[in-house]
Amino acid sequence: MLLIDERDQWKTHHRLRHRASIKAFRWLSRKNIIKARPGERFRIQRHTVRIAGLPGELAGLTIAHLSDLHVGTIIRPEFLPSIVDKINAIGADLIANTGDLIDHDNQYLAPTVEALAGLEAPLGVYHVLGNHDYRDDGPAVIDALRAAQLNVLVNEHHRVAHRGRHIAVAGIDWAQHPVNIAHLVDHACGQANGDDFKLLLAHHPHALDPAAEHGVHLVLAGHTHGGQFVFRKNRHGRESIGLGNFKFRYAQGHYTRHRTHLYVTSGLGGSFPLRFRCPAEVGVLELHPA
Ligand SMILES: [Fe+2]
């Protein structure tokens, strides 16, 4: 499916960085500098999204958006039931998970899938994969999600009815090269019905650009972890400025292109355990007509 081969392999520098992160995490925990394990605390970040042309029947629709759990050495599988309970307690109409379920290693896959199966929403729970899900065996991650009857969107869309209207929930597989992202978005969104409300889940936030060409209404993405270090908060209409801005066009928060909205969540976890002014979060988006 990818036009350019770019699978994110688990390379030596990834291993070294991962090992250094784990050591740093253990040292900081011993010194009591990190008081809570990642995954124990996160904020519920609410946004109102005003979308041009949103049918009145979909006004008030809520989407809970989680991403970047990175279940592994830092976010342990035993934290997942409490995370799942907190997300279910939001009572969103739909739940979207934009990837990096596990951190490098499929030994964490079974408990992760088992816990994610506990997420519940009337319009469904949808997952896409991130780069870390491919570091060990990505196809096995897809198979495990499907075997547990979970909706994993691999360059496709599902159509779900709500109050007489339809929502096309599309999702793309992991890609980061712009040519690949555009190709996968074409595949996932190209066949969607023109009258449907179009929601796209992508791990990489740069999916906004091709999504805008397809008239997607809302894109949800993760991957950046918000940069994990933010130096200036979103003020006076400016975007936050942090480490994420060095690498990503869309690093954290709300962006628009043409009439397409994008929300990039700071996510729940990460391979590196520290954050500065960039708390772990679950987003809750409430949709209204512009
Ligand atoms: Fe991630």
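Residues numbered from 1 in each chain as written. Predicted model: local features only at pLDDT ≥ 70, side-chain atom pairs only at ≥ 80, totals over all residues.

A. Just unusual backbone geometry, in detail. Not every positive phi belongs to a glycine, and Asp100 is a case in point at roughly 55 degrees. Secondary-structure assignment places Asp100 in the loop between β3 (94–97) and α3 (109–116). Judged by the 30 C-beta atoms lying within 10 Å of it, Asp100 is buried. A positive phi angle is found at Arg163, which is not glycine, with a value near 50 degrees. The residue Arg163 is located in the loop between β6 (156–162) and β7 (165–171) in this model. (Helix = DSSP H or I, 4+ residues; strand = E, 2+ residues; numbered from the N terminus. Buried ≥ 20, exposed ≤ 12 C-beta atoms within 10 Å, placed from the backbone.)

B. Focus on the nonpolar core. Judged by nonpolar contacts, the single largest core of 75 residues is most densely connected at Ala170, Val185, Leu200, Ala207 and Val219. Take this core: its biggest share by element is six residues, from helix α5 (residues 178–189). In this structure, Ala207 is in contact with Ile172, Ile181, Val185, Leu200, Ala202, Val219 and Ala221, ignoring residues within four places of it in sequence. (Core = buried A, V, L, I, M, F, W, Y, C linked by C-beta atoms within 7 Å. Contact = placed C-beta atoms within 7 Å.)

C. Seen up close, the sheet that holds β7. With respect to topology, six strands assemble into an open sheet ordered β6-β7-β8-β9-β13-β12, the strand pairing being mixed. Edge positions in the sheet fall to β6 and β12 (253–257), since each of these pairs with one other strand and no more. Within the sheet, the average angular offset between the axes of one strand and its neighbour, ignoring direction, is 20 degrees. Where β6 lies against β7, seven bridges are found, and the strand directions are antiparallel. Along β7, the bridge assignment pairs Glu156 with Gly171. Running at roughly 140 degrees to strand β8 (residues 197–201), α5 makes contact with β6, β7 and β8 of the sheet. (Pairing = 2+ DSSP bridges. Axes fitted to C-alpha atoms, helices over the stretch in contact; angles between N-to-C directions.)

Bear in mind that shape data such as this cannot, by itself, settle questions of function.
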